[in-house]
Amino acid sequence: MSSCLLFLMTPRPPPPPLIHADRYPPLAGGANLPTSRRPCPRPGQRHGYLFRCDSSSSSSAPRDRPPRPRQQRQRSQRPGGRGDAVDPVGFLAKLGVTDRTFAQFLRDRHKAWKDRRWELCSRFIDLKEASSGFELLGMHRHRQHRIDFMEWAPGARYCSLVGDFNEWSPTENCAREGHLGHDDFGYWFIILEDKLREGQEPDEFFFQEYNYVDDYDKGDNGVDAEEIMHRMKEEYWEPGEIRSRKSQLEMVVKLYEQMFGPNGPQTEEELGEIPDAQTRYNEWKALQKSDSSSLSPSYDIIDSGQPFDIFNVVTDRASFEKFQAKKPPLAYWVEMRKGRIAWLEKYVPTISHKDKYRIYFNTPDGALERVPAWATYVLPDAEGKQSYAVHWEPSPEEIYKWKFGRPKVKGSLRIYECHVGISGSEQSVSSFQEFTSKVLPHVKNAGYNAVQLIGVVEHKDYSSVGYKVTNYFAVSSRFGTPDDFKKLVDEAHGLGLVVLLDIVHSYASADELVGLSLFDGSNDCYFHSGKRGHHKYWGTRMFKYDDVDVLHFLLSNLNWWVTEYQIDGFQFHSLSSMLYTHNGFSTFTGAIEEYCNQYVDKDALIYLILANEMLHDLHPDIITIAEDATFYPGLCEPTTQGGLGFDYCVNLSIPEMWLWHLENVPEREWSMNKIMKVLVSSNQNMLSYVENHNQSISGRKSFAEIILNSGKFSIGSVDGDFIRASLLKIIKLITFTTSGGAYLNFMGNEFAHPKRVEFPMSSNDYSFRLANRQWELLDKGFHKHLFDFDKDVMSLDENERIISRGSPKIHHCDDTSMVISFTRGPFLFAFNFNPELSHQSYHVGVDEAGEYQLILNTDETKYGGCGELKSSQYMRRTCDKRVNGCHNSLELALPSRSAQVYKLVRILRI
């Protein structure tokens, strides 16, 4: 018992007024002691400590695995039912799935998730620490006039830093021998000491700190260090409370003397029979009462014989209040901290801002030089082959200072997808600064409320569109510096735009000189070994999601972009590549067993759950979007109900459906039922789009290019761009109005950019001719009309919140007339896809009787239409004719290739 008391010497808040012990089971021996209001832990209740205080004198039972802390099991409440109740198969009933095999797979996955999370928390305490590796790894300035560098390379035998600062010497700055230089998990630690200026003396105290941001700090006021430490002792410690220990066994010896006296037994025979725990505790308690000179706080422990009952502690209120009244000791290292001016006068930085460096490894296969995995800025050399990291530490006068806070999305998410490099009009790589000054104002003017950036993370191969990532913590140096990107994000926030990042954690570049492949000389550092470590078709490497240190890297990478660059959310790229060992290149029939067979990577699923939990716990307003061509069940379901926890998932079937119709099916033969089945098959939390960068990149054509340059989309003798562009308008409108709360448009498609995108590569002689956007078309002809239409659609949703009003209710879908009508809240949408036939009097059913006002018409002349509807037809009133199963109907005029949006402005009660 006395050992438990020593553990409890750390003060705890006093409990409310004490209650009687008869509310709890009595102690062994029949003694009753006062207890606190804190209830006794139930059998099996978990706490985050390894200690156990039991009434039995000894136990030979094996020690169980330490339980998880309670705060790790709790999840903050979020919209969508993310609460504390956990049901690994909870979402199956919602989706109507009854497959037992898949349900058992979810239960097994949940068990594996608990083990993986416990494994993470055993190493890093909790998910917050597990996702904060960037605070330690990489290069960081320490307050004690030095630079600390840490890297993970378990396959290396020797590690050092080489660069401009040490003339690229592999022996000058290396990790020390022993645990402080290289631990058992493969982490290397290197210290770069700042250099004393000529004529300066070293600091008197080894803990001398410097504030590198402010010119002056507390230590510059001239107060002597000895005086500070004297004040600390006088103001806080009482006589006898502070003393040094001469040996690690000193505490053990003292305990032994307290229990058996100064001449206690030395052997088990001399020890004799040991009294039970209760008797020994009573004897110790009596001794404590007689020793009134003790300065230690007084505690009682209630031992109910249950595991972890050490937490049933009753404090003496008087001693606790005495302890609370004490002032905290002076942090003498803070009181002595000097400012930037004092540091610059005394030291020369060991590595300066913009210095180049790499990491040097000695491996079983020889020496290697690599770009550090946690480098935050990477530049290629003069020949563009070998790259190096750049130490980014601007002075306080030059560092970027944030001006705007994060905006919050109200209602739907209207995303403008961009690639910074092709965002300019010139045939060259555009920059962050150009994008900030020219593109961001256009995005705001166009009515979008979010910017999604692709290709921002550092990559060596520009033709890969930025998806073959080499350096996960660095912005692409092609576009500018880290501070340039911070300004881009900040200015977007100032315009009310949230910034989303297309993140690629499903695979990585196979480049061995710049990327993570064979990083420490071994084939299985970050990636799987063998065939599983390589993508079957793309030549990329596949992450090892069952490794704790790889999870540490990936989770920290997500948290880094949110913390350092104020990113508001992520789209997780190509999840099918990571969720299946066949990388998604397999025929899917939609059978449920395809989501739980031997080809499913359970570790990848667990990583996505952990990533969403971490992001939503640390950053409650974060937005996560899943891009999965296989529509894995539960993508947007809460993690507590067996889902993966995403906020939105991308409907990749929609653009493929439109592309197939445009290229393979005559317009008159389009099936309205097939179109609507794809558009609304899974509407909730679904991000829809007509085309993103995939539909107009490297050999493919944009939809505008297909429609405007094809003669099959003409009407009779009229073969004008205005008529053909009308099809593009209704395709965009029906896709937007059926989306599940989120819509995406690729840069330039809002004004029907006429050319595809093609990045410089060997097949086009590295030409930039198609790697740009023709912004000058915004004010010309039908491009202007289409932009005005797209802008008004975005404005309509901004004002009316159309796509955040629940799922569409389809009233009419006819393949013969090619007419579709549906409602969403008080809005009615009517589409006529017929390229030849106009309907002057077409009845569509509505649920609510009343007056409907026309608020959007694709056939208006300002949108390049024919303007067939007169102003008298803008207000329509229902009649009691039953149509499509509805009690009421509207008589509408529907020109060919047109769409109309009506709003119920007056309800008629009959």
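Preceding this paragraph is the structure being described.
Parameters and conventions
For every chain, the first residue of its written sequence is number 1, and the numbers climb from 1 along that sequence. Local features are withheld for residues below a pLDDT of 70 in this predicted model, meaning they are given only at 70 or higher, and side-chain atom pairs are given and counted only at 80 or more; totals for whole chains, interfaces and linings count all residues. Computation of side-chain values: all heavy atoms of the structure, hydrogens and water removed. Only DSSP runs of H or I with at least four residues qualify as helices, and only runs of E with at least two residues qualify as strands; both kinds are numbered from the N terminus onward. Here's how the labels work: a residue is buried when its accessible area is under 20% of the maximum for its type, exposed when over 50%, partly exposed in between, all with a 1.4 Å probe on protein chains only. We call two residues contacting when some pair of their heavy atoms lies within 4.5 Å. The method behind every accessible area is Shrake-Rupley, applied with a 1.4 Å probe, and residues are considered shielded solely by the protein chains displayed. Multiplying 1.5 Å by the residue count of a helix minus one yields the expected span of that helix. Pairs of N or O atoms are called polar contacts if they sit within 3.5 Å, as long as, within protein, a hydrogen donor faces a hydrogen acceptor (for residues adjacent in sequence, only side-chain-to-side-chain pairs). Residues enter a patch when their relative accessible area is above 30% and they make no salt bridge; the linking distance is 9 Å between like charges and 5 Å between nonpolar side chains (Val, Leu, Ile, Met, Phe, Trp, Tyr). In the sections that follow, a salt bridge refers to a side-chain nitrogen of Lys or Arg positioned within 4 Å of a carboxyl oxygen of Asp or Glu. Note that bend, as reported per residue, equals the angle between axes fitted to the 7 residues terminating at that residue and the 7 residues originating from it. Working definition: rings of Phe, Tyr and Trp (its six-membered ring) pair if their centres are within 6.5 Å, and the pair is stacked with planes under 30 degrees apart, edge-to-face with planes over 60 apart, and tilted otherwise. Throughout this description, the term nonpolar core refers to a set of buried Ala, Val, Leu, Ile, Met, Phe, Trp, Tyr and Cys residues connected via side-chain atoms within 4.5 Å. Lining residues are those with an atom within 4 Å of a point, where the points come from a 1 Å grid over the protein atoms alone and group into cavities, where a 1.4 Å probe fits but cannot get out, or pockets, open sets with protein on both sides within 12 Å along at least five of seven lines. Grid points are joined across faces, edges and corners, and a volume is the space filled by probe spheres set on the points. Charged residues are taken to be Asp, Glu, Lys and Arg, nonpolar residues to be Ala, Val, Leu, Ile, Met, Phe, Trp, Tyr, Cys and Pro, and polar residues to be all remaining types, Gly included. Whether two strands pair comes down to DSSP finding at least two bridges between them. For helices, the axis comes from a line fit to the C-alpha atoms of the stretch in contact; other axes are also lines fit to C-alpha atoms, and the angle between any two N-to-C directions lies between 0 and 180 degrees. Working rule for angles: under 35 degrees goes down as roughly parallel, over 145 as roughly antiparallel, 65 to 115 as roughly perpendicular, anything else as oblique. Left-handed describes a crossing whose near helix is turned anticlockwise from the far helix through less than a right angle; right-handed describes the clockwise counterpart.

Before we go on, may I ask you to explain the overall build of the chain in this structure?
Check the secondary structure of the chain and you find 22 helices and 30 strands. Counting over 910 residues, the chain shows a buried share of 54%. For the chain, restricting intrachain contacts to residue pairs at least 6 apart in sequence, the fraction spanning at least 24 positions comes to 74%. Accessible surface, the chain as shown: approximately 41800 Å² in total, 49% of it carbon and sulfur.

Explain helix α17 (residues 602-618) here, please?
One turn of the α-helix equals 3.6 residues, which is why residues spaced by three or four share an orientation. Taking 1.5 Å of rise per residue, the 17 residues of α17 would be expected to cover 24 Å, and the 24 Å separating its terminal C-alpha atoms lies within 8% of that figure. Most of α17 is tucked away, with 14 of its 17 residues classed as buried. Capping the start of α17 is the job of one residue whose side-chain oxygen sits 3.1 Å from the backbone nitrogen of Asp603: Asp601.

Can you help me understand a nonpolar patch on the surface in this one?
The grouping of Leu249, Val252 and Val253 at the surface amounts to a nonpolar patch, some 270 Å² of accessible area in total. Summarising the element assignment, Val252 is placed in helix α7 (residues 250-260).

Looking at this structure, how should I read unusual backbone geometry?
Leave glycine aside and you will find that most residues have negative phi; peptide bonds, for their part, are mostly trans. Positive phi, close to 55 degrees, is recorded for Asn685, a residue that is not glycine. Inspection of the secondary structure puts Asn685 in the loop between α19 (672-680) and β21 (686-689). Its identity is not glycine, yet Arg801 carries a phi of approximately 55 degrees, on the positive side. The topology assignment puts Arg801 in the loop between α22 (781-800) and β23 (809-814).

Would you mind going over helix α13 (residues 432-445) with me for this structure?
Helix length check: α13 (14 residues) gives 19 Å between terminal C-alpha atoms against 20 Å at 1.5 Å per residue, within 8%. Approximately 35 degrees is the largest bend angle found in α13, and it occurs at Val439, with the proline Pro441 only one to four residues beyond. Restricting attention to buried positions, one finds in α13 the residues Phe432, Phe435, Thr436, Val439, Leu440, His442 and Val443. Buried residues along α13 sit against β13 (413-419), β14 (450-454), β16 (469-475), α14 (482-494) and α22. The first or second residue beyond α13 is Gly447, which carries a positive phi of 95 degrees.

How should the packing of aromatic side chains be read in this particular structure?
Pairs of aromatic rings are described using the distance from one ring centre to the other and the angle between the two planes. Tallying each qualifying case throughout the model produces 53 aromatic pairs. A centroid spacing of 6.3 Å and a plane angle of 85 degrees characterise the contact between Phe485 and Trp561, whose relative ring orientation is edge-to-face. With a gap of 76 residues between them, Phe485 in helix α14 and Trp561 in helix α15 (residues 548-565) connect regions that are remote in the sequence. Take Phe485 and Trp561: they sit in the same class, and that class is buried.

Whenever I open this one, the pattern of salt bridges confuses me. Can you help?
Pairs can form between side chains of opposite charge once their charged atoms are near each other. Overall, the coordinates contain 29 salt bridges when judged by the stated rule. Between Arg116 and Glu119 there is a salt bridge, with the nearest N and O atoms lying 3.8 Å from each other. A residue pair is termed a helical-turn pair when its members lie 3 or 4 positions apart in one helix, as Arg116 and Glu119 do in helix α4 (residues 100-124) at three residues. Accessibility expressed as a relative area gives 38% for Glu119, which makes it partly exposed. For Arg414, the salt bridge is made with Glu798, and the minimal N-O distance between the two is 2.4 Å.

Explain the nonpolar core here, please?
Note that soluble globular proteins tend to have their nonpolar side chains buried in a common cluster. Ranked by internal contacts, the top residues of the largest apolar core, which has 181 residues, are Tyr526, Trp658 and Phe833. Per element, the largest residue contribution to this core is 11 residues, and it comes from α15. Ignoring any residue separated from it by four or fewer positions in sequence, one finds Tyr526 in contact with Glu151, Trp152, Ala373, Trp374, Leu516, Phe519, Met542, Phe543, Lys544, Val550 and Phe553. With 15 residues, the next largest nonpolar core counts Tyr842, Val846, Leu869 and Leu904 among its residues.

So what exactly am I meant to see when it comes to empty space enclosed by the protein here?
If a probe the size of a water molecule is rolled over the atoms, the empty space left behind becomes visible. According to the stated counting rule, one finds six cavities of 30 Å³ or more in the structure shown. The calculated volume of the largest cavity comes to roughly 80 Å³. Around the largest cavity sit His528, Arg532, Met542, Phe543, Tyr545, Ser577, Met578, Tyr580, Thr581, Asn583 and Asp601, which together line it. Of the residues in the lining of the largest cavity, the class split is five nonpolar, four polar and two charged.

Sorry, what's going on with the environment of Leu662 here?
For Leu662, the location among the structural elements is in helix α18 (residues 653-664). Here Leu662 falls in the buried class, since its relative accessible area comes to 0%.

Quick question: what am I supposed to make of the sheet that holds strand β4 (residues 187-193) here?
What links the strands of a sheet is backbone hydrogen bonding, and the strands pair in either a parallel or an antiparallel sense. Across the sheet, three strands lie side by side as β1-β2-β4; this open sheet has antiparallel pairing. Because the sheet does not close on itself, it has two edges, and the strands there are β1 (138-142) and β4. Adjacent strand axes in the sheet meet at a mean angle of 20 degrees, parallel and antiparallel pairs treated alike. Relative to strand β2 (residues 146-152), β1 is paired through five bridges, and the arrangement is antiparallel. Within the sheet, the bridge partner assigned to His140 lies in β2 and is Asp148.

What is the right way to look at the packing of α18 against α19 in this model?
The geometry of α18 relative to α19 is characterised by a closest axis approach of 9 Å and an angle of 160 degrees between their N-to-C directions. Classified by the angle their axes make, α18 and α19 are roughly antiparallel. Once α18 is placed against α19, the crossing between them reads as left-handed. Residue-level inspection shows Ser653, Ile654, Met657, Trp658 and His661 of α18 in contact with α19, the latter providing Ile675, Val678 and Leu679. A class-by-class count of the residues in the contact of α18 with α19 yields six nonpolar, two polar and no charged.

Which parts of the structure should I look at to understand the packing of α4 against α15?
Their axes nearest at 10 Å, the elements α4 and α15 cross at an angle of 80 degrees. The angle between α4 and α15 falls in the class roughly perpendicular. On α15, the residues that touch Arg116, Glu119, Leu120, Arg123 and Phe124 of α4 are Val548, Asp549, Leu551, His552 and Leu555.

Mind showing me how you'd approach the side chain of Glu851 here?
The residue Glu851 is located in strand β27 (residues 850-857) in this model. Residue class for Glu851 comes out buried when judged on its relative accessible area of 17%. Discounting chain neighbours no more than four positions away, the residues touching Glu851 are Met875, Arg876, Arg877, Lys903, Leu904, Val905 and Arg906.

Any chance you could explain the pairing of strand β29 (residues 888-894) here in plain terms?
Two faces belong to every sheet, and in a regular strand the side chains alternate between them. Most of β29 sits inside the fold, with six of its seven residues counted as buried. In this structure, strand β26 (residues 839-846) lies alongside β29, joined through six bridges in antiparallel fashion. Bridge pairing links Gly845 to Ser889 in β29.

When you look at the pairing of strand β24 (residues 819-824) in this model, what are you seeing that I'm missing?
Counted residue by residue, β24 has six buried out of six residues, so it is predominantly covered. Two elements, β23 and β24, share five bridges in a ladder whose sense is antiparallel. By the bridge assignment for β24, His812 is matched with Ser821. Count of turn residues in the β23/β24 antiparallel hairpin: four residues, of which Met818 carries a positive phi of about 60 degrees. When β24 meets strand β25 (residues 827-832), the two strands line up antiparallel, connected through six bridges. Its bridge partner being in β25, Ile820 is matched across the sheet by Phe831. Counting the residues in the hairpin turn of β24 and β25 gives two residues, including Gly825, whose phi is positive at 65 degrees.

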